[in-house]
Amino acid sequence: MRTEQKKGDKGERVFTGVVGAAGVAIGSAHVCETGALQVPEYRVPKSKIAAEVKRFQSALQRSQRQLTKLKTKSQSLRDAAAEEIGYLLDAHLLMLTGSRLVRGVEETIATKGINAEAAVLSVISEVARGFESLPDPYMAARADDVREVGARLVRNLTETPFQGFSHLQPGTILIAEELSPADAALIDPATVGGFATVLGGAEGHTAIMARSFGIPAVFGASGLIGGVKTGETVIVDGTSGRIIVSPARETLKDYEARRQALLRERRQLDRLTNLPSQTVDGTRIGLQANLELPREVDSALAMGAEGIGLLRTEFMFMNRDTPPDEDEQYESLAALVAAMGGRPITVRTLDVGGEKLAYSLGEHLGEPVNPALGLRAIRLSLKQRKLFEAQLAAILRAGAHGPLRILLPLIASTSEIRQVREIMGRVSRRLKRRKVAIADPLPPLGVMIEVPGAALAADALAAHADFFAIGTNDLTMYTLAIDRADEQVAHLYNPLHPGVLRLIQFAVQAGLRARIPVSVCGEIAGDPRYTALLLGLGVRDLSMASPCLARIKQRIRQIDIAAASMRAEIIMSQADTGRIAALLDDFNALA
Ligand code: PEP
Ligand code: MG
């Protein structure tokens, strides 16, 4: 990715990143600071000192990885800026490598018997005071760097998201080094108009949240931190992946016109809300919404969702110290069922792990060697039975009030489905014995097809599952070995790769042969570029971020299934991704 940073007339500066969520936002910048953290303090018994030091070392390694990543990114800046930021990051890295600071924290944990966060705070204050007392003003100013490094360590220890964004003025543009999915869950679209970050890829969950909220976002833009000040006017062009800081008058005028044009287009699309979702030849296509937060339900309904095709329950576990218990989960789900007024909801069980971390589950997740391949999603649920049983019980109870389906994430084998059926049977019997109302009959139990091995074994899985939901985000990531949240390889992430398409086709056909419902709920379901191809492959149900629903319906209403199937057949005989893209784009251009 190329980063352009030019100082033009009237201080206009342009930064370039990858497109996260389309649209144009214009507003005042709020630069998220990593400092000012709440630091918990408690005593650590002798028997747990070694584990506490290990916890500190994990946070240390994570901090080093972040700084190295930032350093790599900064090298794409223009010379002077690259050098300046490079020095700073090197200095921070040095402070975290075999330094007095690191040794001091380890010793403080051991000798004082206190937690790692409190030890970091104590050592940082001491080192910073040392710098401040130096007569050389340059050296004295290094105290700020020390505090910044300390804040990074504490943030990684506590996995604290950025402070709530509730105090912001409407239309604020957030500028951050990185926003985790948990940070994004705190964003209120009523106050945040758009955001831009230095790290993060377009297919990660933070990008997905931005698209769900309908707020423009750009990721992976080098130089933003230090290049933008809180209060400056910023344009986030989520369509081209540009961030324009302190724009010239003509630029602002141009973007204001673009923003108005987009609003007009939105109003046109809104008119489709009450029209049927069917192709030219009259084939009905189910259109449902993906939901991260129950509070999104009203806008999903307003935008025409026929149901919730994917409820990402992991967000209920984020930004809190302890996981929600069965009753709390039940209350949230029952409220959602009531809000949906008889429309179906597909509740996915906890899909935590990978880039989706919830510190309420920290003790269960451990420190995986490779988070994308580690103890996550269904694997965690099958290991942490109490956690899983509480969630299943809550879902079964909510299912007494309206139509629910249960969806299992990251399934790789039939034995996982069998185990879940067994657990579900036990949980339901226990609830019935206690005379607690539950879904009767038990809800359909489906699986995500998002692991390449699952797609290849889809015929076997179809014999055990009641439905398939194809998760093309992870399916693309695992098939191509591209981290979906890493902006450095974002250009290689491509669901049109023939390997990915063949797996999708295989899974769809296996599902259809077994006569079980098959939907697609990955991000391509909400991108009109892919609609004809998915319909041509036999998909009849799509689930997506609510703001995409109207545009996809518009596209569906232009498609003839026979023509789409023929084009899909031609596409599936191709080996070259570029040729596939051209064949699809040509077909789409006929509309
Ligand atoms: C997917 O992987 O495509 C999916 C829908 O699940 P998530 O994006 O939550 O991983
Ligand atoms: Mg997934």
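Residues numbered from 1 in each chain as written. Chains lettered and ligands numbered in written order. Predicted model: local features only at pLDDT ≥ 70, side-chain atom pairs only at ≥ 80, totals over all residues. Heavy atoms only, no water.

Participant: Could you give an account of the coordination of the magnesium ion (ligand 2), naming the residues involved and the relevant values?
Facilitator: Coordination of the magnesium ion (ligand 2) by the protein comes from E450 (OE) and D474 (OD), over a distance range of 2.0 to 2.1 Å. Of this pair, E450 sits in the loop between β13 (445–449) and α16 (452–456) while D474 sits in helix α18 (residues 472–480), placing them 24 residues apart in sequence. With a relative accessible area of 2%, E450 lands in the buried category. By relative accessible area, D474 is classed as buried at 4%. (Donors = N, O, S within 2.8 Å, 3.2 Å for Na, K, Ca; no water. Helix = DSSP H or I, 4+ residues; strand = E, 2+ residues; numbered from the N terminus. Buried < 20%, exposed > 50% of the residue type's maximum accessible area, 1.4 Å probe, protein only.)

Participant: An account of the site of ligand 1 is requested, with residue identities and associated values reported.
Facilitator: Around ligand 1 sit 16 residues in total, of which R312, R348, G471, N473 and R484 are the nearest. Here H205 contributes a side-chain N or O atom positioned 2.9 Å from an oxygen atom of ligand 1. For ligand 1, the accessible surface in isolation is 290 Å², of which the surrounding protein chains cover 100%. The set of elements that each furnish at least two residues to the shell around ligand 1 consists of α8 (205–213), β10 (308–312) and α18. At three residues, α18 tops the list of elements feeding residues into the shell around ligand 1. Residue composition of the shell around ligand 1, grouped by class: four nonpolar, five polar and seven charged. (Near = heavy atom within 4 Å. Polar contact = N/O pair within 3.5 Å; in protein donor to acceptor, adjacent residues only side chain to side chain. Areas by Shrake-Rupley, 256 points an atom, 1.4 Å probe, with all protein chains shown as cover. Nonpolar A, V, L, I, M, F, W, Y, C, P; charged D, E, K, R; others polar.)

Participant: Kindly report on the sheet that holds strand β7 (residues 233–237), identifying the contributing residues and their values.
Facilitator: Spatial ordering of the open sheet is given by β1-β8-β7-β3-β4-β5-β6-β2, a layout of eight strands whose pairing is mixed. Looking at which strands have only one partner, the edges of the open sheet turn out to be β1 (13–16) and β2 (18–21). If you compare each strand with its neighbour and ignore which way they point, the axes differ by 30° on average. Pairing analysis gives four bridges linking β1 to strand β8 (residues 242–245), with the strands arranged antiparallel. Following the sheet pairing, V14 is matched in β8 by I244. (Pairing = 2+ DSSP bridges. Axes fitted to C-alpha atoms, helices over the stretch in contact; angles between N-to-C directions.)

Don't take any of this as a statement about function, it's just geometry.
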